[in-house]
Amino acid sequence: MTTQQPLAVGLLGAGRMGSFHAETLAHRLPGVRLVAIADPTPGAARSLGDRLGCATAYTDIGELLADPHIDAVVIATPARTHADLVEAAAKAGKAVYCEKPMAVTLAEADRAIAVAADAGVPLQVGFNRRYDAGFRAAHEKIVASAIGTPQLLRSLTRDPALADPARIPPWTIFLETLIHDFDVLRHLNPGAEPVEVFAMADALIRPDFKDRGLLDTAVVTVRFDNGALATAEASFQAVYGYDVRAEVLGSAGMLTMGDVRRTHLTAYGPDGVAAECVTYDQHLFHDAYVAELADFTDSVRTERTPSATGEDARAALAIALAAIQSVTTGGPVRVDKLQDL
């Protein structure tokens, strides 16, 4: 493939995140064409395609993957379908971008990585925080030893509201929410890997759903092999907004990332000090979502390794599974003795 040829990309999944990625592929990336959309929900792919000027829509994902004119696919389907679709796309010879989590078991992750490697296609996973300007700058400073050796790390995710708890599969808080934080902790502690995990979780927002498997609040501690200690926390309901932050304390300084404020404007009045807060992930990480697909499509055209790989996805998943096992057993879990789901 020459760099002059537009990269033909197909989208799998026309839901909330898929729609954003479709807009990016259709309008925000020079040299990229959104050529087909597939979604098993009747009318979903066609409706999104009509809005974006994409003429080809499928309800059968297999038909899209069989199209020889498609160079790469973006997977934005429900989490539990990801691993199988990564394998199917790789076997079809397509470069693969997959939303997190890439898999929900280590066996699935290993198969997906192996199939992509055997097919010789790039595999990138949607850890968008790596592409946020603040998080990216922090990583660069840490790599350059600007704050010395990382010693204490913290990452948090707080969603603005818990809508329908009945629709949340068990262990979602670890596999789909904190999976971002686990990747952040590894990314901001370069070269180190987790060795032990301890987690606590409960249904504090909707305790009436705890007996159905809901956990809506969690704190996880992680010990790394370079001695660094880290915490990750998540809540499904922070009434003030969508709150994503991180902090790294090193031997020679500290870095903080993230800001819940919508703008730099702060209002001072008779009722006190106030600032508008971000309430939606696509607002807070708009540029990062675009940048990760720009990086993916560029890696396909230049035949370089993506920045967030299947191996990165597996490593974050191992922390998530260790956290699940820790909640189940009530004790710390060695990552090297992890039992897969």
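Refer to the structure presented above.
A brief look at the structure comes next. Residues take numbers from 1 onward in each chain, read along the sequence in its written order. Local features are withheld for residues below a pLDDT of 70 in this predicted model, meaning they are given only at 70 or higher, and side-chain atom pairs are given and counted only at 80 or more; totals for whole chains, interfaces and linings count all residues. Each side-chain value is derived from all of the structure's non-hydrogen atoms; neither hydrogens nor water enter the calculation.

### Some details on the packing of aromatic side chains
Right, so step 1: Whether two aromatic rings pair depends on their centres lying within 6.5 Å, for rings of Phe, Tyr and Trp, where Trp uses its six-membered ring; planes under 30 degrees apart make the pair stacked, over 60 edge-to-face, and the rest tilted. This structure, assessed with the given rule, holds five aromatic pairs.
Right, so step 2: Note on Tyr242 and Phe285: the rings are 6.4 Å apart at their centroids and 85° apart in plane angle, and the pair reads as edge-to-face. Here Tyr242 is found in the loop between strand S10 (229–235) and strand S11 (243–250), whereas its partner Phe285 is found in the loop between helix H8 (281–284) and helix H9 (286–302), with 43 residues between them in sequence. The residues Tyr242 and Phe285 share a single accessibility class, namely buried.
Right, so step 3: Burial status follows relative accessibility: with a 1.4 Å probe on protein chains alone, a residue under 20% of its type maximum counts as buried, one over 50% as exposed, and anything between as partly exposed. Using a relative accessible area of 2% as the deciding quantity, one classes Phe285 as buried.
Right, so step 4: These aromatic residues form a ring-pair network of at least three members: Phe20, Tyr242, Phe285 and Tyr289.
Right, so step 5: Our definition puts a charge over a ring when NZ of Lys or CZ of Arg is within 6 Å of the ring centre and also within 35 degrees of the ring normal. Across the ring face of Phe20, the terminal group of Arg28 is positioned such that the distance to the ring centre comes to 4.6 Å. Only DSSP runs of H or I reaching four residues or more are called helices, and only runs of E reaching two or more are called strands; each is numbered from the N terminus.

### Section: the state of the cysteines
Right, so step 1: We call a pair of cysteine sulfur atoms a disulfide when they lie within 2.5 Å. Going through the model one piece at a time under the given rule, you end up with zero disulfides.
Right, so step 2: This cysteine, Cys98, is not joined by any disulfide, and Cys54 carries the nearest cysteine sulfur, 20 Å off.

### Examining the packing of helix H1 (residues 16–28) against helix H2 (residues 44–52)
Right, so step 1: Angles run from 0 to 180 degrees between N-to-C directions of axes, and those axes are lines fitted to C-alpha atoms, restricted for helices to the stretch in contact. The geometry of H1 relative to H2 is characterised by a closest axis approach of 10 Å and an angle of 35° between their N-to-C directions. At the point where H1 passes H2, the crossing takes the right-handed sense. Contacts between H1 and H2 involve Gly18, Ser19, Ala22, Glu23, Ala26 and His27 on the former and, on the latter, Leu48, Arg51 and Leu52.
Right, so step 2: Residues were grouped as follows: Ala, Val, Leu, Ile, Met, Phe, Trp, Tyr, Cys and Pro as nonpolar; Asp, Glu, Lys and Arg as charged; and all remaining residues, including Gly, as polar. Across the contact of H1 with H2, the residue classes tally to four nonpolar, three polar and two charged. Each crossing gets its handedness from the near helix: less than a right angle anticlockwise from the far helix is left-handed, clockwise is right-handed. Residue contacts are defined here by distance: any two heavy atoms, one from each residue, within 4.5 Å place the two residues in contact.

### Things to note about the pattern of salt bridges
Right, so step 1: In what follows, salt bridge is the name for a side-chain nitrogen of Lys or Arg lying within 4 Å of a carboxyl oxygen of Asp or Glu. For the structure shown, the criterion picks out 23 salt bridges.
Right, so step 2: For Arg111, the salt bridge goes to Glu87, with nearest N and O atoms at 3.4 Å. Of this pair, Arg111 sits in helix H5 (residues 106–119) while Glu87 sits in helix H4 (residues 82–91), placing them 24 residues apart in sequence.
Right, so step 3: Judged by relative accessible area, which is 11%, Glu87 ranks as buried.
Right, so step 4: Between Arg129 and Asp181 there is a salt bridge, with its nearest N and O atoms 3.3 Å apart. Placement of the pair is Arg129 in the loop between strand S6 (123–126) and helix H6 (133–143) and Asp181 in helix H7 (residues 172–187), with a sequence separation of 52 residues.
Right, so step 5: Residue classification places Arg129 among the buried residues on the basis of a relative accessible area of 3%.
Right, so step 6: The exposure class assigned to Asp181 is buried, which follows from its relative accessible area of 0%.
Right, so step 7: Salt bridges sharing common partners tie together Arg130, Asp183, Arg186, Glu193 and Asp312.

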